[in-house]
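Breakdown of the fold
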Amino acid sequence: MLWGCAWCASIESSMSEVTRGKVSAGLARRRRKERLFRLCGMLATTVGIVFLVVFFADLIGKGSSAFRQTFLRLEISFDTAVIAPQGSIDLQYADFDLLARNALRDLFPDVSGRNPLRELNRLLSVGAGYQLRDMLQQDPGLLGSVQSVWLPASSSVDMLRKGNIDASIDAALRPISDAQLAWVAALQRDGRLELRWNRAFFSNGDSREPELAGIRGALMGSFYMLLVTLALALPIGVAAAIYLEEFAPRNRWSDLIEVNINNLAAVPSIVFGLLGLAVFINWATLPRSAPLVGGLVLALLTLPVIIIASRAAIKSVPPSIRDAALGLGASRMQVVFHHVMPLSLPGMLTGAIIGMSRALGESAPLLMIGMVAFIVDVPGGFSDPATALPVQIYLWADSPERAFAERTSAAIMVLLGFLMLMNLAAVVLRKRMEQKW
Amino acid sequence: MANKSTALATFTCGLILAALCGTAGAQSARDHIYIVGSSTVYPFSTVVAERFGRGSDFKTPKVESTGTGGGLKLFCDGVGVDYPDIANASRAIKASELASCAANGVDDVIEVKIGYDGIVLANSQRAPSMALSRLEIFLALAKQIPGEGVHELVDNPHRLWSDINPALPATRIEVLGPPPTSGTRDAFVELAMEGGCSAIAWIKELKNTDEARYRSICHSIREDGAYVEAGENDNLIVQKLDANLSAMGIFGFSFLDQNAELVRGAAVDGIVPSFDAIADGSYPVARPLYFYVKKTHVDVIPGLRGFLREFSSERAWGDDGYLSERGLIPMPAEERALVAATVRDLVPMDVASN
């Protein structure tokens, strides 16, 4: 026994020697593997960040110039003889363009002939006349006075000022003539040509003139749509989640429903658009291009997301809370509304916000229900024709005019800004309302 | 809590009901013009719509870009405020479409030709300029071309432009163009490819004997990578041409017009694509553009008559009109006068003659 034990100890010590040797031999390899794995992870993260940085840099580099716009300062004389020849003014038909053109011509009195004058007039945007009309509409007292007004320049002047047109190439190839180049240089020398804050971008609807195009119409369309989506998807989604988690019996049917909900969350969005076209427009004869229909379709799209998130939130409420409430004599409904719902609300709201931000970025289903359209008037309600932000981006990206390129990037920046705000709100909500057990 | 939730639910339901009711009311009398159709006509239609909307008391018309075929289908679905008033088209309406229109009660369609559009084959300004014939275009892009034997077809063997004609540069054939769903692609195939294809005598014969085979030979574009489907976005094609000097691209003339310092159109059959060459009909790859309007909708939809007048006015589609600045090639003055008279008197198409 004794010798056996000594033998045993010697074996043991030699074994541990062997094991230790094996372990220490493998240790370097294991550490190498570990380092390699971490490196791979870091590399993956870096690649992701690099892509993101390149994307943002490209976007901001291209789009930030759209927030500023070239304006011309002109001495506009609201001449009664031009805009009110009969003594009274007819805002609809008065020739406000002529006021701007006359002011421009006064600066370059030696320009004559039909074609040179046309070229001179093209320095100004088509919107100049409309701006003067709006000014007079707001303050009729301006009639007969002379005002110094900043008027929008045409998009080719704007592109030149922003350096997007190379003035050194052959005149036939660039969209601006030699004479126009000289006029722009003269205006700039006199301090009459300036890059100013582009308010029109935020206050106007769509336009085919890049310098007049804005995202207000698309923003309002997205806003009305999300309102409908939220009003439908949140109550229905939460109600469905509560029923499925708290009341529904567990059987084959509830399993089937669960599988279907998970499936719906993965269905391509264009399918919801087709469904919306068939049901809401063709069968229920709701109007095409209306935010109401868009909201209905997006509600279908976000419902599964909200149901899944809400169910997860309800599941995470400990059963002991329910048992305690039931033990004190609360009814099942009281348990749900007094205890389970308040505790799972942050999770539900997070799900709703993530669903909403997905809905905000959708454009494919809107194609089917006629929201990919040219709409100038800013929508004022749920049934007015409207587009949405992603749709506006698509439409501008497809326009031949060069100045739309920077507006496309600027609109993407605005969309990303809203998405970031919404996702930030989801994070803050979760952090502030989260319960720890 | 329970009471609050019930109240919230009631409020929500009420809101939705109210929205639905408001909608039903709005729909029974539409106050804006509703236009659908071709993405090629879209840039012109929208400019007129915007000018009309800003310059009048009426709302700005809504213009949906659905493609010619999709637009005419919507247009022909019926008469009434739920259906479009105008369909834009980058080709003339087909007899089958007119028949389906008539079957749905749309039997007073007015056809309005608005001008011409050219399709260009372009490459970067920094690359050497190209001059091609329609036959060379067909030989470069067709899926199958005539081989050595009599009436024999072989898979297109051409890799380099110089394989077709030694006078052409020895660069790889790489053409970026629109996908089959596009009207520009249809027109390119019909005008350029078929034009070149029918220069081969025995294939031209086929048109009378075996039209299906004729179409499949002339209209099939190769799928071995020489023709790259670059999506419907013509801007993207222009950008890719600027980056890839050996590639050529297919797109509408208006994009060439707006990007003249980046890309250059290839001469086809010796004619360089230009405003004048398309207007006088000498540039071979050009097509007329149309829109179709329902006579019964005029004077029912507010502003429709005014919109028609604006579109057919000289300041819009005339030689110096604002549409020509956007790249629409105007019709000759006499033809404009003729079409304008049709619009003024609202003369519908003669269905029997189609």
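Located above this text is the structure these notes cover.
None of these values were measured; they are calculated from a predicted model.

Another point: the nonpolar core. Core analysis: the largest hydrophobic core is formed by 185 residues, its most contacted members being Ala100 of chain A together with Met193, Phe291 and Tyr292 of chain B. Sorting elements by how many residues they give to this core places helix H12 (residues 291-315) of chain A first, with 15 residues. With residues up to four places along the chain from it excluded, the contact list for Ala100 of chain A reads Leu74, Ile76, Leu124, Ala128, Gly129, Leu132 and Leu151 of chain A.

Looking now at the packing of helix H9 (residues 216-247) of chain A against helix H14 (residues 332-360) of chain A. Residue and element names in this part refer to chain A. Packing of H9 against H14 brings their axes to within 10 Å, and their N-to-C directions diverge by 140 degrees. Between H9 and H14, the crossing angle belongs to the class labelled oblique. The chirality of how H9 crosses H14 is right-handed. Counting all contacts with H9, which are made through Ser222, Leu226, Thr229, Leu230, Ala233, Leu234, Val238, Ile242 and Glu246, the residues of H14 involved are Val336, Val340, Met348, Ala352, Gly355, Met356, Ala359 and Leu360.

Here the focus is the interface of chain B and chain A. Of the residues lining the interface, 35 residues belong to chain B; the matching set on chain A comes to 36 residues. Among the elements of the structure, helix H1 (2-28), helix H2 (42-55), strand E2 (62-64) and helix H11 (253-258) of chain B are those that each provide at least two residues to the side of chain B that touches chain A. Per element, the largest residue contribution to the side of chain B that touches chain A is 11 residues, and it comes from H1 of chain B. Of the residues assigned to the side of chain B that touches chain A, the class counts are 13 nonpolar, 14 polar and eight charged. Pairing of strand E4 (residues 373-374) of chain A with E2 of chain B, which is carried by two bridges, proceeds in the antiparallel orientation. Across the sheet, the residue bridging to Ala373 of chain A is Glu64 of chain B, located in E2 of chain B.

Here we take up helix H10 (residues 234-243) of chain B. Two residues of an α-helix separated by three or four positions point the same way, owing to the 3.6 residues in each turn. Of all the positions in H10 of chain B, only Asp234, Asn235, Ile237, Val238 and Leu241 of chain B are classed as buried. In a view along the axis of H10 of chain B, the buried residues occupy a sector of 160 degrees, so they form one face of it.

Quick look at helix H17 (residues 404-433) of chain A now. A rise of 1.5 Å per residue sets the reference length of H17 of chain A, with its 30 residues, at 44 Å; its end C-alpha atoms lie 43 Å apart and thus fit the reference within 8%. Among all positions of H17 of chain A, only Phe404, Ala405, Glu406, Arg407, Thr408, Ser409, Ala410, Ala411, Ile412 and Leu415 of chain A are buried.

The next thing to look at is the environment of Ala103 of chain B. All names here are of chain B. Locating Ala103 in the fold gives a position in helix H4 (residues 95-103). Residue Ala103 is classed as exposed on the basis of its C-beta count, with 10 C-beta atoms lying within 10 Å. A C-alpha to C-alpha distance of 37 Å links Ala103 and Ile278, two positions 175 residues apart in sequence.

So, how was this worked out
- Residues numbered from 1 in each chain as written.
- Chains lettered and ligands numbered in written order.
- Predicted model: local features only at pLDDT ≥ 70, side-chain atom pairs only at ≥ 80, totals over all residues.
- Core = buried A, V, L, I, M, F, W, Y, C linked by C-beta atoms within 7 Å.
- Buried ≥ 20, exposed ≤ 12 C-beta atoms within 10 Å, placed from the backbone.
- Helix = DSSP H or I, 4+ residues; strand = E, 2+ residues; numbered from the N terminus.
- Contact = placed C-beta atoms within 7 Å.
- Axes fitted to C-alpha atoms, helices over the stretch in contact; angles between N-to-C directions.
- Parallel < 35°, antiparallel > 145°, perpendicular 65-115°, else oblique.
- Left-handed = near helix turned anticlockwise from the far one by under 90°.
- Nonpolar A, V, L, I, M, F, W, Y, C, P; charged D, E, K, R; others polar.
- Pairing = 2+ DSSP bridges.
- Arc of directions from axis to C-beta.
- Expected span 1.5 Å × (residues − 1).

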